Amino acid sequence: MSNSARNNLTPSFYARLFCSSEQQAVLDATTALHREITSIPHAVSEFTVAQAKLAWWRIELGAGNAKTARHPLARAYFDLSKYNPREFELFAAIIEGVEDRIAGVLPDSETTLAMHCHKTMGAYMELLASLTLEPGQVLTPESRDFCSLVGAGIYLSTHAVACAAHEQDCELASALPANPSEPGDTIKPVLAHADGLMHRALTLPSGGQGLIYHHAMLRIHQRLNSKALSRAKLETGKPPQLNGFRMLVCAWQGARAAVARSPQQDS
């Protein structure tokens, strides 16, 4: 797969595909803001400095006002979005996830793993989904669960394949009850858990055009995850022979069919 195709397997890429130009502007501002916050551990080497930056961002976003915002990315975000308390909760979860990362906090059970996944990817997926809805629409509890499961499945599968690519153990496997089948084999249990989460997501009656890109991402990452699971050896984190454009077309068609189904058809 080419670099451009791999780069296109991102939440913001698919969110933009299925949105109006006005929504795309909000998503661009949100993506830039999210990238600024989550890149702090890579940009700052001092632990205390990174903590201070994250605390500053929590205050900056907590104000919820473009007039008082000091950072240009925050001002752009506030100008474009209809900021609400739920969005701040999601950004607070994202910030907390970055704080856990720099502190080296790792989940030690399935419950804490679920929370870890929510802070790392699920909250961001829910945030993007809320911004793709039409005015006056809100995410249902089922749709929020769908976002959380999709985010967790994608995060875990991506993380596991990246660990395999660098020939590293996947530290998240310690939170799962299943013991690795072989010494040092921590990749497959995480991939299998991700597979289960993605299948659970498809059983939820999420519905709604606002979530169509989540369905597309889910279907593509299911294929990536299945490719990785089926390989006896994970020599690289780049499953071969996956054409990005053809995957997109199939996912688009499948996603539209999925959101068009009624909950009764999904049951």
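Residues numbered from 1 in each chain as written. Predicted model: local features only at pLDDT ≥ 70, side-chain atom pairs only at ≥ 80, totals over all residues. Heavy atoms only, no water.

Draft legend 1. A look at the state of the cysteines. Scanning the model with the defined rule gives 0 disulfides in all. With no disulfide of its own, C170 lies closest to C163 among cysteine sulfurs, the gap being 4.2 Å. (Disulfide = S-S within 2.5 Å.)

Draft legend 2. Region of interest: the packing of aromatic side chains. One pass over the full model with this rule turns up 3 aromatic pairs. Here W56 and W57 contribute two aromatic rings whose centre-to-centre distance is 5.2 Å and whose plane-to-plane angle is 85°, an arrangement assigned as edge-to-face. Aromatic side chains Y77 and F91 sit 5.5 Å apart centroid to centroid with 85° between the ring planes, which places their arrangement in the edge-to-face category. Taken as a pair, Y77 in helix α6 (residues 72-80) and F91 in helix α7 (residues 85-103) lie far apart in primary sequence, 14 residues in all. Since its relative accessible area comes to 0%, F91 is described here as buried. An aromatic cluster is defined as three or more aromatic residues linked by ring pairs; in this entry it consists of Y77, F78 and F91. (Phe/Tyr/Trp six-rings, centres within 6.5 Å; stacked < 30°, edge-to-face > 60°. Helix = DSSP H or I, 4+ residues; strand = E, 2+ residues; numbered from the N terminus. Buried < 20%, exposed > 50% of the residue type's maximum accessible area, 1.4 Å probe, protein only.)

Draft legend 3. Representation of the packing of helix α3 (residues 21-38) against α6. Interaxial distance between α3 and α6 falls to 9 Å at its minimum, and their mutual angle equals 150°. Classified by the angle between their axes, α3 and α6 sit roughly antiparallel to one another. Considering only the axes of α3 and α6, their crossing is left-handed. Mapping the contact onto sequence places A25, V26, A29, T30, A32, L33 and E36 in α3 and L73, A74, A76, Y77 and L80 in α6. Classifying every residue of the contact of α3 with α6 by side-chain character gives 10 nonpolar, 1 polar and 1 charged. (Axes fitted to C-alpha atoms, helices over the stretch in contact; angles between N-to-C directions. Parallel < 35°, antiparallel > 145°, perpendicular 65-115°, else oblique. Left-handed = near helix turned anticlockwise from the far one by under 90°. Contact = heavy atoms within 4.5 Å. Nonpolar A, V, L, I, M, F, W, Y, C, P; charged D, E, K, R; others polar.)

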